[in-house]
Amino acid sequence: MKRYFLGRLIRSIFSIFIVVIIAIVMIFGFIPKEKVFENDPQLSKLSGKPDDRTTYIYTRWEELGYLDYVTQADMCKAYSDDYNECMRLDVTQETNETGKVVDVYSNSEEGQRVIKIYEEQGYTVDYMTTGFAWASRDNSIFNIAVKYITNMFKVDNPWAVTDPDNPDMDRSIYFGTDNNGMPALKCSGCEHQYLIYVDGSFPFIHQNWISLNFGRSYPTYSGSYTMDVISDQQGEYVQKEVTFDNGTTAMSSLDLHSCQYKQTSTLDRMDKSRFETNYANCKSFKSEASMINMSYIFGIISLIIAYIIAIPSGIIMAQKKDKWQDKLGMVYINVMIAVPSLAFIYFARNIGIMFNQPTKFPTYGGGDIRSYILPGIILALLSTASLMIWMRRYMVDQSNADYVKFARAKGLSQGEIFRRHILKNAIIPIVNGIPSSIILCIGGSVITESVFSIPGMGKMLPDAINANNNAMIITLTFIFTALSIIALLLGDVLMTFVDPRIQLSSKGETR
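Model, not experiment: these values are computed from the prediction. (Residues numbered from 1 in each chain as written. Predicted model: local features only at pLDDT ≥ 70, side-chain atom pairs only at ≥ 80, totals over all residues. Heavy atoms only, no water.)

Novice: Would you mind going over the state of the cysteines with me for this structure?
Specialist: Such a bond, covalent and formed between the sulfur atoms of two cysteines, is termed a disulfide. Within the structure shown, the criterion is met by three disulfides. Across the disulfide, Cys76 is cross-linked to Cys86 (sulfur-sulfur distance 2.0 Å). Disulfide Cys76-Cys86: torsion about the S-S bond near -75°, hence left-handed. Of this pair, Cys76 sits in helix α4 (residues 72–79) while Cys86 sits in helix α5 (residues 83–87), and the two are 10 residues apart along the sequence. There is a disulfide in this structure between Cys259 and Cys282, and the S-S distance comes to 1.9 Å. Where Cys259 bonds to Cys282 through sulfur, the torsion about that S-S bond is close to 95°, and the disulfide is right-handed. Of this pair, Cys259 sits in strand β15 (residues 254–261) while Cys282 sits in strand β16 (residues 279–284), placing them 23 residues apart in sequence. By relative accessible area, which is 1% here, Cys259 ends up buried. Disulfide connectivity for the protein, with bonded cysteines indexed by sequence position, reads 1-2, 3-4, 5-6. (Disulfide = S-S within 2.5 Å. Helix = DSSP H or I, 4+ residues; strand = E, 2+ residues; numbered from the N terminus. Buried < 20%, exposed > 50% of the residue type's maximum accessible area, 1.4 Å probe, protein only.)

Novice: Mind showing me how you'd approach a nonpolar patch on the surface here?
Specialist: Residues Phe14, Ile18, Ile21, Ile22, Val25, Met26, Phe30 and Ile31 make up a contiguous nonpolar surface patch of roughly 750 Å² in combined accessible area. Topologically, Val25 is positioned in helix α1 (residues 2–30). Judged by relative accessible area, Val25 falls into the partly exposed class, the value being 32%. (Patch = residues over 30% accessible without salt bridge, like charges linked within 9 Å, V, L, I, M, F, W, Y side chains within 5 Å. Areas by Shrake-Rupley, 256 points an atom, 1.4 Å probe, with all protein chains shown as cover. Salt bridge = Lys/Arg side-chain N within 4 Å of Asp/Glu carboxyl O.)

Novice: Honestly, the side chain of Asp271 in this entry has me stumped. Any pointers?
Specialist: For Asp271, the location among the structural elements is in helix α9 (residues 269–274). Since its relative accessible area comes to 9%, Asp271 is described here as buried. Contact partners of Asp271, with chain neighbours within four places excluded, come to Lys262, Thr266 and Ala280. (Contact = heavy atoms within 4.5 Å.)

Novice: Explanation requested: the sheet that holds strand β9 (residues 194–198) in the structure shown.
Specialist: Sheets are built from strands that pair by backbone hydrogen bonding, the pairs being arranged parallel or antiparallel. One open sheet accounts for four strands, arranged β7-β8-β9-β10; its pairing is antiparallel. The open sheet has two edge strands, β7 (172–177) and β10 (205–207), and neither has a second partner. This sheet shows a mean twist of 20° between the axes of neighbouring strands, independent of strand direction. For strand β8 (residues 183–188) and β9, the ladder comprises three bridges, and the chain directions are antiparallel. Pairing of Ala184 across the sheet is with Tyr197, part of β9. (Pairing = 2+ DSSP bridges. Axes fitted to C-alpha atoms, helices over the stretch in contact; angles between N-to-C directions.)

Novice: I keep staring at helix α11 (residues 324–338) and nothing clicks. Help me out?
Specialist: Working note: α-helix, 3.6 residues per turn, so residues spaced by three or four point in the same direction. Across its 15 residues, α11 extends 21 Å between first and last C-alpha, which sits within 8% of the 21 Å expected from 1.5 Å per residue. Looking at the packing, one finds that the buried side of α11 touches α10 (291–319), α12 (341–354) and α13 (370–399). (Expected span 1.5 Å × (residues − 1).)

This is a description of form; function is not addressed.
Here it is in structure tokens:
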């Protein structure tokens, strides 16, 4: 068993990275980098400012990993002992083709020497209208992939923060308590003050020590880390009584467990009045669940309803094969398969209106159960047809097996045969798919979430693709790939509990 799991783990990790690398190659190798600006309104505002436009474009490309971008100031700081001389420009006046006298800028000898160094390193050098140089060098697909993989996991540590105005800060990891008196593993010098903490929300023990890092989202949700976009709460700010580090109690929406280090130069008067340390950059509690939790809530609700409806229905159809119950079930299955999902969603939504059900999630919000009823039922019904047909098929197949004929010959009743033999074997493939169904609920439903304006993850991937949001595409690719592989492994494990004859072993016949 241990050898089997080790082998599966290694193959799983390898598969995840291969899929992510393929996504990186497709994004950075086949899509022109200019497309990332198609949905950026900021760029059009800089049309009359060529220098600002150039700086904005190349700074963005550097942040996204396409290239390395340096200004003349960066060059001089890196390779010149005389910064002022390196930045000096000589100005002469010349007459252009139209007869107009214009200023012509030229770099000092020191500046030209430094620029030459960058040209020899493969940079392409150009000049601003002010005469200062800038240079860029495209990154290879290999370097981009390596950068993503090596920076994917971020481990917080006491040397993560550099603050010129606080050079003597204590750098240590220690046990302490939070503002509620609960035990916590805290840090000084880390980006987060709380590395591990306990609170009343599932799964009760949380950590900020190790995090996934895929960079910042752009152009949608610009400036926010992709994992924060997916996992942070949404909606309006929710205030409650909070006790801060210095003992001050006030109504606030700040989540003190999320506080990160804030540079001394950026601390304001309110920060200093509430916090004893520089850990004052905190997230806020909001009224709605995060995108990933929102999709998961709807997914679990629909999954429970779907299995409650589909499994018994499939069993009854198999038991009453070719009778009216079976034929009625087949009619339902054919209708659900034939009708387009969008048409069924709108049809079901109109029926819900007759029962005074909300047609938009924001009408009542996440705090009202009515917001979940109609979308949950619709998502469940969309899944029932396939579950019913497979359950029926497995049951019918098992009914024709030799061991069933032998059981009948022994005099067992049809009910006993179905309960003790057929159902036990027919349920194995269904059980294998349960972990996948549960875990992949996180992916949400594109159509249902769009129709009901549910702020979940269903639209995240198509929206990211349409917006050329590279970092978000790679983030979602990693998440969905990892969850799929974990679900397959859990499905195999669950089968061993249902049927002990199945052995997970590197030498066994069943894999």
